[in-house]
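Descriptive structure summary
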Amino acid sequence: MTTKEDAPLFNRSYLKLMPVLVGAVILWLSLSNQSDKAPKIETLTPNHTYLVVQKQTTVPALHLTYAVAPGLSYQQAEYRHAIQHAFNQALGNYPAISANWFDDRVTLHIPVSRIRSGSLPKLIDEFITDVFDLYPNALKRAAAEHYLDQNEQQAQALLNLTQQIAGYRSTVSVQQVFSQPPLALLELTGRDKKLTQDITQQIAALSSRHASLDTQDASSLSTPSSIHLTHRGTGYLYMLGQAARANTMDDTDLVASHLLGQQLATLTSNSDTQFRLVQKPLRPIGYRALLLQKDSPFKAGLEDRLKATIEQTLTNEQLDTTRTLLVQQYRDQLADSQSRIALINQGLFYNRPTVSADQFRDTLDDITLAQVITRINEWLDPNRSLTLLIEPL
């Protein structure tokens, strides 16, 4: 007779369960390790079509990214708002499809289950037709909303900046959005040759109706200038702005932007000055701007004082803290399947690789405090920027 002291540590039921538990732990470790690595992206046919396999994906999907010209001028911005309104309204007729809007693109997310057996071209054709039908009324609404938006001081300042960006004359219209083939990213939970072939054939049929992807370049800001405006209210606004392209932005820009924001928050915390830092490096061209607002006039030499203060107070400890924060944010993005897909899509759209968390960390570790200060000084240089002052009459 077996006593409690003599009883085996594991009975038969436990032994049967052990392989399952071990398998689950191995799978969890595998997925955890996989999420930190650079995603394996396979290039397919036709052009601008890619495959990524993610075991943790819950809904296999096709992600179609259409380039949308940034709304830089007043009229371009109005048309772009109308396109977005029409898109969002049209999506109401397609509950299975969702979309994410960015300043220079829109991505449609379509479940794979919705586009089997050659239904993708017909689905997109119907969606495009709906967008075209809804666009005229959306344009009227956008015109009214945009007029109200532009009455705000900061919006006026940014509009003056974007109007100065030379060489950018791209048309913003529904036709422009759909006149080019989308960037297509197929997201599956495992390799499926037959399904992949079926969907890529549908993408090819869809893409054959379009021209090539927009590769238009754009020049930078025209000769830096200064603009002086007045208004009937109270308060002062000062802006430094520059043109910025997504394809020239690097990780030093990312680190410098975070540290500049932190420094400005500290410098303005006990004053009547408010700041807004705008970073919109886009394709083919966007902008960055620093806006400062206060109740009293700005003193001459503001940029030099800012640069000197930041250079004196910015430390390597702050740089290390920012590096750690950015790497952790990147790890979190890679670990979440939806955020990971967004990173991959963004990298493909801007022709930048999506790296592993360790590679990203190593890149940030190579960025020095001197490089960050140099980059910030370039952004605060009035000789490189459009400067704008709005003050009371």
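Cut-offs applied
- Residues numbered from 1 in each chain as written.
- Predicted model: local features only at pLDDT ≥ 70, side-chain atom pairs only at ≥ 80, totals over all residues.
- Heavy atoms only, no water.
- Pairing = 2+ DSSP bridges.
- Helix = DSSP H or I, 4+ residues; strand = E, 2+ residues; numbered from the N terminus.
- Axes fitted to C-alpha atoms, helices over the stretch in contact; angles between N-to-C directions.
- Contact = heavy atoms within 4.5 Å.
- Expected span 1.5 Å × (residues − 1).
- Buried < 20%, exposed > 50% of the residue type's maximum accessible area, 1.4 Å probe, protein only.
- Polar contact = N/O pair within 3.5 Å; in protein donor to acceptor, adjacent residues only side chain to side chain.
- pLDDT = per-residue confidence, 0-100.
- Phe/Tyr/Trp six-rings, centres within 6.5 Å; stacked < 30°, edge-to-face > 60°.
- Lys NZ or Arg CZ within 6 Å of the ring centre and 35° of its normal.
- Arc of directions from axis to C-beta.
- Salt bridge = Lys/Arg side-chain N within 4 Å of Asp/Glu carboxyl O.

1. Here's the deal with the sheet that holds strand S9 (residues 274-280)
Strand order across the open sheet formed by five strands is S7-S11-S8-S10-S9, with mixed pairing between neighbours. The open sheet has two edge strands, strand S7 (226-231) and S9, and neither has a second partner. Averaged over neighbouring strand pairs, the angle between their axes works out to 15° when direction is ignored. Pairing between strand S8 (residues 236-244) and strand S10 (residues 286-294): nine bridges, direction antiparallel. Across the sheet, Leu-240 pairs through a bridge with Leu-290, a residue of S10. Running at roughly 145° to S10, helix H4 (residues 153-163) makes contact with S7, S8, S9, S10 and strand S11 (386-392) of the sheet.

2. What about helix H7 (residues 251-268)?
Counted at 1.5 Å a residue, the expected span for H7 with its 18 residues is 26 Å, and the 26 Å between its end C-alpha atoms agrees. By the burial criterion, the buried members of H7 are Thr-252, Asp-253, Val-255, Ala-256, Ser-257, Leu-259, Leu-260, Gly-261, Gln-263, Leu-264 and Thr-268. Sitting at the head of H7, Asp-250 places a side-chain oxygen 3.1 Å from the backbone nitrogen of Thr-252.

3. So, the confidence of the model for the protein chain
Counting all residues, the mean pLDDT for the protein chain is 86, and 84% of those residues have values of 70 or more. Overall, residues 1-33 carries pLDDT values under 50, and its contacts beyond four positions in sequence, including any with other chains, amount to five contacts. Scored below 50 in pLDDT, residues 211-218 makes 21 contacts in the model with residues more than four places away or belonging to other chains.

4. Some words on the packing of aromatic side chains
A complete count under the given rule lists eight aromatic pairs for this structure. When the centroid spacing of 5.6 Å and the interplanar angle of 5° are considered together, the rings of Phe-87 and Phe-178 count as stacked. Here Phe-87 is found in helix H2 (residues 74-91), whereas its partner Phe-178 is found in helix H5 (residues 174-178), with 91 residues between them in sequence. The pair formed by Phe-87 and Phe-178 is uniform in burial state, with each residue classed as buried. An angle of 75° between the planes, with centres 5.7 Å apart, marks the rings of Tyr-94 and Phe-127 as edge-to-face. Highlighted residues: Tyr-94 in the loop between H2 and strand S4 (98-102) and Phe-127 in helix H3 (residues 120-149), separated in sequence by 33 residues. You'll find Tyr-94 and Phe-127 in the same group, each marked buried. Each residue in the set Tyr-66, Phe-87, Tyr-94, Trp-101, Phe-127 and Phe-178 is aromatic and connected to the rest through ring pairs, giving one cluster. Above the ring of Phe-102, the side-chain terminus of Arg-105 is found at 4.0 Å from the ring centroid.

5. Observations concerning helix H8 (residues 302-313)
Between the first and last C-alpha of H8 there are 17 Å, a value that for 12 residues agrees with the 16 Å anticipated at 1.5 Å per step. Listed in full, the buried residues belonging to H8 are Leu-302, Glu-303, Leu-306, Lys-307 and Ile-310. What you see down the axis of H8 is that its buried residues fit within an arc of 130°, all on one side. For H8, the exposed residues lying more than 90 degrees away from the buried face are Asp-304 and Gln-312.

6. Details of the pattern of salt bridges
Under the criterion given, the structure shown has 13 salt bridges. Its salt-bridge partner being Arg-323, residue Asp-320 comes within 2.4 Å of it at the nearest N-O pair. In this pair, Asp-320 and Arg-323 are both assigned in helix H9 (residues 316-335), three residues apart and thus about one turn of the helix distant. A salt bridge links Arg-361 to Asp-358, with the nearest nitrogen and oxygen atoms 3.2 Å apart.

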